[in-house]
Amino acid sequence: MKKIFLFLLVFLQLLVLPAIASGKQTAAAPSFSLTALAGRRDFSSADFRKIYDGSQLAFGLDLGYRLGKKFAIFISGQHLSATGELSYSKETTSFRLISLEGGARLALPMGRFVPYAGAGAGYYLIREENVIATMDEKKAGFFALGGLRFHFSKAFFAAAQVKFVSLELKPLSKSVDLGGWFAGGGIGVMF
């Protein structure tokens, strides 16, 4: 996990440092965006939805870097934590999902409204604990997203986002589909 974080940090610096050195970055055209998102994450697995009572609340941060008027790259992280009840024994079970994602998005600015679409890959840390077993998995997956930003000013905006994640695990030789939809909103700042 540390290696992936360091790789993304170095990759982002390689894109930013040449622009700073050439002096192209100006206060009138901010290149970075930071967005705080909250929303509901649903899962494709019917068993998971039954045990954890449907969709769960998830929180995340998104850091983007604009490469042009319409194109940006981003890294994001999301956290989800849930408790549920096992189907047969009714014992308590807990689940935690941490995602580290990176990708690219294309924006189509229309005044204050900026719709966007993007895709990328992620690294997902999954932990489930109950009386039967403890599952501790790390798995790569893919996602596609779409969203809309509404700019209050050059620096501040509100965002709405929908994302589909493709993520399949095989713990204990049984396939579990933990992919699914995320829908949420938040606020952000450009700098």
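Everything discussed here concerns the structure shown above.
Criteria and thresholds
Residues numbered from 1 in each chain as written. Predicted model: local features only at pLDDT ≥ 70, side-chain atom pairs only at ≥ 80, totals over all residues. Heavy atoms only, no water. Helix = DSSP H or I, 4+ residues; strand = E, 2+ residues; numbered from the N terminus. Buried < 20%, exposed > 50% of the residue type's maximum accessible area, 1.4 Å probe, protein only. Contact = heavy atoms within 4.5 Å. Areas by Shrake-Rupley, 256 points an atom, 1.4 Å probe, with all protein chains shown as cover. Salt bridge = Lys/Arg side-chain N within 4 Å of Asp/Glu carboxyl O. Core = buried A, V, L, I, M, F, W, Y, C linked by side-chain atoms within 4.5 Å.

Caption draft 1: Structural detail: the overall build of the protein chain. Broken down by element type, the protein chain carries two helices and ten strands. Each of the 191 residues in the protein chain was classed as buried or not, and the buried ones make up 37%. The contacts in the protein chain between residues at least 6 apart in sequence include a share of 58% that link residues at least 24 apart. In the structure as shown, the protein chain presents an accessible area of about 11000 Å², 66% of it carried by carbon and sulfur atoms.

Caption draft 2: Main features of the pattern of salt bridges. Applying the stated criterion across every chain yields a total of four salt bridges. With its nearest N and O atoms 3.0 Å apart, the salt bridge here joins Asp62 to Arg105. Of this pair, Asp62 sits in strand 2 (residues 56–66) while Arg105 sits in strand 4 (residues 92–107), and the two are 43 residues apart along the sequence. Take Arg105: its relative accessible area is 6%, and that puts it in the buried class. Residues joined by salt bridges that share partners form a network here, namely Arg127, Glu129 and Asp136.

Caption draft 3: Region of the structure containing the nonpolar core. Grouped together as the largest cluster of nonpolar side chains are 23 residues, with contacts concentrated most on Phe43, Phe95, Leu97, Tyr124, Ile126 and Leu178. A total of four residues in this core trace back to one element, the largest contributor, which is strand 5 (residues 113–129). Residues within four places of Ile126 in sequence aside, it is in contact with Phe95, Arg96, Leu97, Met135, Asp136, Glu137, Leu167, Leu169 and Leu178.

Caption draft 4: Inspection of the environment of Asp42 at higher detail. Tracing the sequence through the fold places Asp42 in the loop between strand 1 (32–41) and helix 2 (46–51). Of the residues examined, Asp42 reaches a relative accessible area of 29% and is grouped as partly exposed. C-alpha separation for the pair Asp42 and Ser55, spaced 13 residues apart in sequence, amounts to 4.3 Å.

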